Amino acid sequence: MIIIDYSIPLPGETKYNATIARKDVVRTFVSCGGTFMNWHPITTLSIPKIKGIINRVGDVFQAIIGLRKIKREEKVYFQYPHLGNSLRLIIMLFKVKRVNVTLLIHDLEFLRHPDVKNMAQSQIALFNSVDKLIVHTSKMKTKLIELGVKTPMEILQLFDYYSVDSFRNIRQQLVDKKIIAFAGNLNKSAFLKFLDESSISPTVSFRLYGNEPHIKFFNNQIYYQGKFSPEHTSCLHAGWGLVWDGDSIDTCTGSLGNYLKYIAPHKISLYLAAGIPVIVWNKSAQADFVRHNKIGIAVNSIEESYDIINNIKDEEYQEILANVRGVGETLRRGGYLKRIIHYQ
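What counts as what
Residues numbered from 1 in each chain as written. Predicted model: local features only at pLDDT ≥ 70, side-chain atom pairs only at ≥ 80, totals over all residues. Heavy atoms only, no water. Phe/Tyr/Trp six-rings, centres within 6.5 Å; stacked < 30°, edge-to-face > 60°. Helix = DSSP H or I, 4+ residues; strand = E, 2+ residues; numbered from the N terminus. Buried < 20%, exposed > 50% of the residue type's maximum accessible area, 1.4 Å probe, protein only. Lys NZ or Arg CZ within 6 Å of the ring centre and 35° of its normal. Pairing = 2+ DSSP bridges. Axes fitted to C-alpha atoms, helices over the stretch in contact; angles between N-to-C directions. Contact = heavy atoms within 4.5 Å. 1 Å grid on protein atoms, 1.4 Å probe; cavity = no way out; pocket = protein on both sides within 12 Å on 5 of 7 lines; lining within 4 Å. Points joined across faces, edges and corners; volume = space filled by probe spheres on them. Nonpolar A, V, L, I, M, F, W, Y, C, P; charged D, E, K, R; others polar.

Asks: How should I be thinking about the packing of aromatic side chains in this particular structure?
Replies: Scanning all chains against the criterion turns up 8 aromatic pairs. An angle of 75° between the planes, with centres 5.2 Å apart, marks the rings of Tyr80 and Phe127 as edge-to-face. Remark: Phe127 occurs in helix α5 (residues 119–127) and Tyr80 occurs in strand β3 (residues 75–80); sequence separation between them is 47 residues. A relative accessible area of 8% means that Tyr80 is categorised as buried. Centre to centre, the rings of Phe206 and Tyr306 are 6.3 Å apart; their planes meet at 75°, and the pair counts as edge-to-face. One end of the pair, Phe206, is in strand β8 (residues 205–209); the other, Tyr306, is in helix α12 (residues 302–311), and 100 residues separate them in sequence. Tyr306 matches Phe206 in its accessibility class, with the two residues each being buried. Each member of the aromatic cluster is reached from another via a ring pair, and the members are Tyr80, Phe110 and Phe127. The lysine or arginine in question, Lys193, covers the ring of Phe194, its NZ or CZ lying 5.0 Å from the ring centre.

Asks: So what exactly am I meant to see when it comes to the sheet that holds strand β11 (residues 278–281) here?
Replies: Paired through backbone hydrogen bonds, the strands of a sheet run either parallel or antiparallel to each other. Here we have 6 strands laid out as an open sheet, ordered β9-β8-β7-β10-β11-β12, and parallel in their pairing. Only two strands of the sheet have a single partner each, and these edge strands are β9 (222–224) and β12 (296–299). Across the sheet, the axes of successive neighbouring strands diverge by a mean angle of 25°, strand direction being ignored. Alignment of strand β7 (residues 179–183) against strand β10 (residues 240–243), held across 2 bridges, turns out to be parallel. Opposite Ile180, over in β10, you have Trp240 as the bridge partner.

Asks: How should I be thinking about the sheet that holds strand β2 (residues 35–39) in this particular structure?
Replies: If you trace the 6 strands from one edge of the open sheet to the other, you get β2-β1-β3-β4-β5-β6, paired in parallel fashion. Every other strand in the sheet has two partners, leaving β2 and β6 (153–155) as the edge strands with one partner each. Pairwise comparison of adjacent strand axes, ignoring direction, gives a mean angle of 25° for this sheet. As judged from the 3 bridges shared by strand β5 (residues 132–135) and β6, these two strands associate in the parallel manner. Bridge assignment links Ile134 to a residue of β6, and that residue is Glu154. Each of β1 (2–6), β2, β3 and β4 (100–105) touches helix α1 (residues 20–31); the most contacted strand, β3, lies at about 165° to it. Packing of helix α6 (residues 138–146) onto the sheet brings it into contact with β4, β5 and β6, and relative to β6 it is tilted by some 160°.

Asks: Before we go on, may I ask you to explain the layout of surface pockets in this structure?
Replies: Where empty space is left becomes clear once a probe the size of a water molecule has been rolled over the atoms. The space that makes up the largest pocket amounts to roughly 1800 Å³. Taken together, 46 residues form the lining of the largest pocket, with Thr19, Gly184, Asn185, His266 and Lys267 sitting closest to its centre. At the level of secondary structure, the elements contributing two or more residues to the lining of the largest pocket comprise α1, β7, α9 (254–259) and α10 (266–273). For the lining of the largest pocket, the element with the most residues is α1, which contributes 6 residues. When grouped by side-chain class, the residues that make up the lining of the largest pocket number 23 nonpolar, 12 polar and 11 charged.

Asks: How do you make sense of the environment of Arg325 when you look at a structure like this?
Replies: With respect to the helices, strands and loops of the structure, Arg325 is situated in helix α13 (residues 314–332). Along the primary structure Arg325 and Ile295 are separated by 30 residues, whereas in three dimensions their C-alpha atoms are 8.9 Å apart. Leave out the neighbours within four places in its chain, and Arg325 touches Phe167, Arg168, Asn169, Ile170 and Gln173.

Worth remembering: the numbers are spatial, not functional.
Right under this line is the structure:
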């Protein structure tokens, strides 16, 4: 079993550099006895065309070298998107050697931007050329089937999330019961501007985590808390974690909001690994999972969450916390991905 990723080192770095989601995937595979192959660009030239051509050639060259170490019928997993941009040719080379290829999907640009013509066609062809796909949710699987994907698919449901911290004290979480956290790219989260201008329940407050936002928040119930190292989940001090996107607080809108109908946002894994119940959009792909497992609430609008939070009793909230910790423990040991790779 081999896991392959393509990382782009930062200036002066030679170590494996990737998002925490990709790193956690590699960690899980290695803990299950898998072998990790890290490919990387061979040039950092500033001339885009030449740089692109050289790195594509380098990508294929690394694949040929890698194939020499891979046995026939070996199970090989690629993290998708593959940043080397040569994946179709590489898969053809692997199939010639009868290697079993699975793509683990992190992101699908053609679902994020469905209005862009012809974006999906080449990707669907690519997906149909491999042996298996690991997709986020049942909604993503259904959508891909509608678009013409015939390859068997396994559903991950949640991305695992390793943490070096323990869960926070339940008593402190009860104190924070009416605080909502939002962590992520604050400058890409257009709805925050409208949240700042809205009337928030006087008993509820928001804590924002991430890079310092370009806009200044004037609402005294919204607090910017700075950023934290992703593996230190105990830095999130809140009673709830918000999973939201788009440019409205009344619903999730636009291409980014629509994308929530299919994906398992890494943000939800962060909150659950931190032991924090979640607030999700009721039309998101995760809404049924959240309701069924009683790990948070699914709402039409952010405003709708205020009454629920204000009226929830401590006993009910503690029951939710217990459910969250159960899911969080599974995430913290790579359990969701292990379930798939052990059964394949």
